[in-house]
Amino acid sequence: MFRITLRLALCGLLAVALGFGAAAIDSLKTGKADLKSASALAFGPEGVLFVGDSASAAIFALDTGDRTAAAARPVNITGIDQKIAALLGVSPDQILIQDMAVNPISKKTYLAVSRGRGPDALPVLLRVDTAGKIDEFSLDSVKFSKVALPNAPPSVVDKRGGNPRQDAITDLAYVKGRVFVAGLSNEEFSSNLRSLPFPFAAADKGTSVEIYHGSHGRWETNSPVRTFVPYEIKAETNILAAYTCTPLVKFPVSQLKPGTKVVGTTIAEMGNRNRPLDMVVYKKGGTDYLLMNNSSRGVMKMSLANVDSYKPITAPTEVAGMPYETIASLKGVEQLDKLDDSNALLLMRGEGGSLDLKSIPLP
Amino acid sequence: MRVVAVALLLSALAAGQTGAPAIRLERDSSGRQVFRVTGAPHLSTESFSVYAGETAGLPALLGAYRVEGETLVFTPRFPLQPGLRYRAVLRLNGRESTQTFEIPKATTTATTVVEQVYPTTDRLPENQLKLYLQFSAPMSRGEAWRRIHLLDEAGKPVELPFLEIDQELWDPQGKRLTVFFDPGRIKRGLTPNEEVGTSLQAGRSYTFVIDREWVDAAGDILREGFKKTFRVGPASREPPDPKTWRLTAPQAGTSEPLRVEFPEPMDRALLERLLEVSTPRNAAVAGTVEIDRQETRWRFTPRQPWQPGQYFLRVETILEDLAGNSIGRAFDVDVFERVEDRIRRETVSLPFEVGR
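Rules of the game
- Residues numbered from 1 in each chain as written.
- Chains lettered and ligands numbered in written order.
- Predicted model: local features only at pLDDT ≥ 70, side-chain atom pairs only at ≥ 80, totals over all residues.
- Helix = DSSP H or I, 4+ residues; strand = E, 2+ residues; numbered from the N terminus.
- Buried ≥ 20, exposed ≤ 12 C-beta atoms within 10 Å, placed from the backbone.
- Contact = placed C-beta atoms within 7 Å.
- Core = buried A, V, L, I, M, F, W, Y, C linked by C-beta atoms within 7 Å.
- Pairing = 2+ DSSP bridges.
- Axes fitted to C-alpha atoms, helices over the stretch in contact; angles between N-to-C directions.
- pLDDT = per-residue confidence, 0-100.

## Digging into the overall build of chain A
Alright, step 1. Regarding its fold elements, chain A presents four helices and 26 strands.
Alright, step 2. Across the 363 residues that make up chain A, the buried fraction comes to 48%.
Alright, step 3. Residue pairs in contact within chain A that sit at least 24 positions apart in sequence constitute 52% of those at least 6 positions apart.

Structural data, given as structure tokens:
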């Protein structure tokens, strides 16, 4: 235990030494973080929580102050939607759990919740400690910064009196000093992966890239990314991205330059009538694996051992790509994150309709 | 605030005993709902909790406690939900008393309707990309995919025709929902397209149905359901070409509209946003836009009468037709032969002359 703590402490020191810690935390100023919605969550280093706010087309960086290293404990909270509804003083049908993220330092779980279902619904961040106690993470006085995502030209907004265009932020991740944001517009249909530097800089609004992926057919769109995860392949940071129309694609982060189009490599096809929801990468027995939950095809496990051997498909061909196995015991998984190196945290709908938060050993 | 104290249960501490504690729900000076416990000085915050609903074993409401003289004041973190019962529980000297409160739900009638579903034409291409559902009032999230259906000619539901994303694509007012047809079933050469075919098939008719049971943001169902029957034609694979648009220029000195007619219907939302009239110096002309004739005509009426001279209609090239083809680019692109290396975020300019 002492050794683990020491290692974590050393990791913390290393993060500071690498330049994230002080400068990044210092860029956050105390005040009321005026979120209009909380759509997607991701942790950066040092307990900084990134929150995607679709309604205000902005990304918030919050200092949770949650930097005390702790070991994970098994989680099993049945009917978590009912418990959250009780805390927030509403009936369970007025609660929508939008996303979930585990702080890798403290192993506490953060939930983005919508209280209410109309346009005036209130965003709430909740924190579940390792003993299972749920409490609010207050946004009234918190160190934070925010950056607006580029949206429709303001001139259009002014003239027509209101801008109905909105990006739904579907996923975000922190990768080596940048926050990557995937989104889907409610008007034009396009791939929308943005990269923003962190600490946020007013001068750098980030870059937006279009990503094409070759599939076994030759016709492709720049379809929106639904969920993605960073992954190192031969010392190069890649993004593994799953699309609304189900292929799994990889591309190196170094290719994501402003104003460019990127052709990703399709490494797997997940099948039709299905939407990928979340992905995590983990190591077990010396091999890297990808675990992914889906809307209708359950939870899939793929070995990443040969991920770099898949070449871009350059001609129409048969279905090619990484084989996957479906974890039969995991059904109704709506949210997925890593609890620690050996355990996954799941938000899953049980057979009786109960929404449960539970941990399982990574398969 | 009208509050109904529904019942006083376990009334060991109840009225009749002089100085018995009392719980009241009222507004404080800033208008917030607060519970006040009087008649029991020196209460600890642990001795009073408020619970939502009737289910036992759930956590108490989040909120803040403070003491005002001999009164314990509990301010719930969020406003109470009308129509839901709240149990205020006081634990004193080993005994527990519960009082329930309910803010009556205003009785309202169903008034919200589906104003329109775009495109308004009753003939859609086989690769139709999206529908816009326009409601008259804000709607509630979380049930869209249960409330819309696509039926074939026999009235049989088409299986999973839409891209059912949990983060439903509403506008900020919650009055317009964008529904994409599953793009995996539209593109050529993709597995779903090959295995199960497109959701819509040319030569057939379909009915798009919205259930009346869909609840608006006020908690009421719609005044009526909605049905739109349409016929499906061949897939549209050609990008819209501004050269085929017909511009009818107005006369100088009038406030007649500039008329732009398209040979096919265009995407309604993008038509609202991506066309603009400007002077040769690129100054935008102020005015109002009307779209009619089943999204095949765009009309611009200037706020000030037209001055003689040359103007431009500027169009962002991300403007889409019904199948998601945008100017200069088809919805699905042959990536192995033609991937442009730059993102196009461009406009095309169509000149027109306002004559005397």
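## Digging into the overall build of chain B
Alright, step 1. When you go through chain B residue by residue, the secondary structure sums to three helices and 24 strands.
Alright, step 2. The 356 residues of chain B split such that 35% are buried.
Alright, step 3. Of all intrachain contacts in chain B linking residues separated by at least 6 positions in sequence, the fraction that spans at least 24 positions is 66%.

## With respect to the nonpolar core
Alright, step 1. Core analysis: the biggest nonpolar cluster contains 143 residues, and A:Phe50, A:Ile59 and A:Leu172 have the highest contact counts within it.
Alright, step 2. The leading source of residues in this core is helix α3 (residues 80-88) of chain A, at six residues.
Alright, step 3. Setting aside residues up to four positions removed in sequence, A:Ile59 forms contacts with A:Phe50, A:Gly52, A:Lys146, A:Val147, A:Leu149, A:Leu172, A:Val179, A:Val181 and A:Leu196.
Alright, step 4. Core analysis: the next-biggest nonpolar cluster, separate from the first, contains 17 residues, B:Val260, B:Met266, B:Trp298 and B:Tyr311 among them.

## Considerations on the sheet that holds strand β5 (residues 63-68) of chain B
Within a sheet, each strand pairs with its neighbour through backbone hydrogen bonds, oriented either parallel or antiparallel.
All names here are of chain B.
Alright, step 1. The four strands are arranged β2-β3-β6-β5 in an open sheet whose pairing can be described as antiparallel. Either end of the sheet is taken by a strand with one partner, and the two such strands are β2 (22-27) and β5. For this sheet, the mean inter-axis angle between neighbouring strands, taken without regard to orientation, is 25 degrees.
Alright, step 2. Pairing of strand β3 (residues 33-38) with strand β6 (residues 71-76), which is carried by three bridges, proceeds in the antiparallel orientation. Paired with Phe 35 across the strands is Phe 74, a residue of β6.

## Observations concerning the pairing of strand β8 (residues 95-102) of chain B
Residue and element names in this part refer to chain B.
Alright, step 1. Across eight bridges, the pairing between strand β7 (residues 85-92) and β8 is antiparallel. Across the sheet, the residue bridging to Tyr 86 is Phe 101, located in β8.
Alright, step 2. Linking β7 back to β8 in an antiparallel pair, the connection comprises two residues, with Asn 93 at a positive phi of about 50 degrees.

## Considerations on the sheet that holds strand β2 (residues 40-43) of chain A
Residue and element names in this part refer to chain A.
Alright, step 1. One open sheet accounts for five strands, arranged β1-β10-β4-β3-β2; its pairing is antiparallel. If you trace the sheet from one side to the other, it starts and ends with β1 (29-31) and β2, each paired once. Sheet twist, expressed as the mean angle between neighbouring strand axes with direction ignored, is 35 degrees.

## Thoughts on unusual backbone geometry
Alright, step 1. Cis rather than trans, the peptide bond between A:Phe198 and A:Pro199 has omega equal to 5 degrees.
Alright, step 2. Positionally, A:Pro199 belongs in the loop between β13 (193-197) and β14 (207-214).
Alright, step 3. One non-glycine residue, A:Lys234, lies in positive phi territory at about 50 degrees.
Alright, step 4. Mapped onto the secondary structure, A:Lys234 falls in the loop between β16 (225-233) and β17 (236-243).
Alright, step 5. Classification of A:Lys234 by C-beta neighbours within 10 Å gives exposed; the count is 7.
Alright, step 6. In this model, B:Arg293 sits at a positive phi of 50 degrees, which is unusual for a non-glycine residue.
Alright, step 7. Looking at where B:Arg293 falls in the secondary structure, it is placed in the loop between β20 (287-292) and β21 (297-302).

## A look at the confidence of the model for chain B
Residues and elements named next belong to chain B.
Alright, step 1. Overall, the predicted model of chain B reaches an average pLDDT of 88, with 87% of residues at or above 70.
Alright, step 2. Note that pLDDT drops below 50 for residues 334-344; the model gives that stretch 22 contacts with residues more than four away or on any other chain.
Alright, step 3. What the predictor reports for the complex is a pTM of 0.88 with an ipTM of 0.85.

## Description of the confidence of the model for chain A
Alright, step 1. For chain A, mean pLDDT is 83; residues scoring 70 or higher make up 78% of the total.
Alright, step 2. Low pLDDT, under 50, characterises residues 1-18 of chain A; the stretch is placed with 10 contacts to residues that sit more than four places away or in other chains.

## Comments concerning the pairing of β2(B)
All names here are of chain B.
Alright, step 1. Where β2 lies against β3, six bridges are found, and the strand directions are antiparallel. Note on β3: the bridge partner recorded for Arg 27 is Gln 33.
Alright, step 2. Once β2 ends, the chain turns through five residues before running back antiparallel as β3, passing Gly 31 with a positive phi of about 85 degrees.

## Brief notes about the environment of A:Thr244
Alright, step 1. Along the chain, A:Thr244 turns up in the loop between β17 and β18 (247-252).
Alright, step 2. Exposure remark for A:Thr244: the 22 C-beta atoms within 10 Å place this residue in the buried category.
Alright, step 3. Apart from residues no more than four positions distant in its own chain, A:Thr244 is found in contact with A:Ser223, A:Pro224, A:Arg226, A:Arg275, B:Leu163 and B:Pro183.

## Some points on the environment of B:Val289
All names here are of chain B.
Alright, step 1. Position of Val 289 relative to the elements: it lies in strand β20.
Alright, step 2. Put simply, Val 289 and Leu 274 are 15 residues apart on the chain and 11 Å apart in space, counted from C-alpha to C-alpha.
Alright, step 3. For Val 289, the contacting residues outside a window of four places in its chain are Glu 272, Trp 298 and Phe 300.

## Structural notes on α3(A)
All names here are of chain A.
Alright, step 1. Most of α3 sits inside the fold, with nine of its nine residues counted as buried.
Alright, step 2. When we look at burial in α3, the residues that qualify are Ile 80, Asp 81, Gln 82, Lys 83, Ile 84, Ala 85, Ala 86, Leu 87 and Leu 88.
Alright, step 3. One or two steps after α3, the chain reaches Gly 89, where phi turns positive at roughly 75 degrees.

## Some points on the environment of B:Arg212
All names here are of chain B.
Alright, step 1. Summarising the element assignment, Arg 212 is placed in the loop between β15 (205-210) and β16 (226-233).
Alright, step 2. Sequence-wise, Arg 212 and Val 289 are 77 residues apart; in three dimensions their C-alpha atoms are separated by 32 Å.
Alright, step 3. Ignoring any residue separated from it by four or fewer positions in sequence, one finds Arg 212 in contact with Ile 221, Leu 222, Glu 224 and Gly 225.

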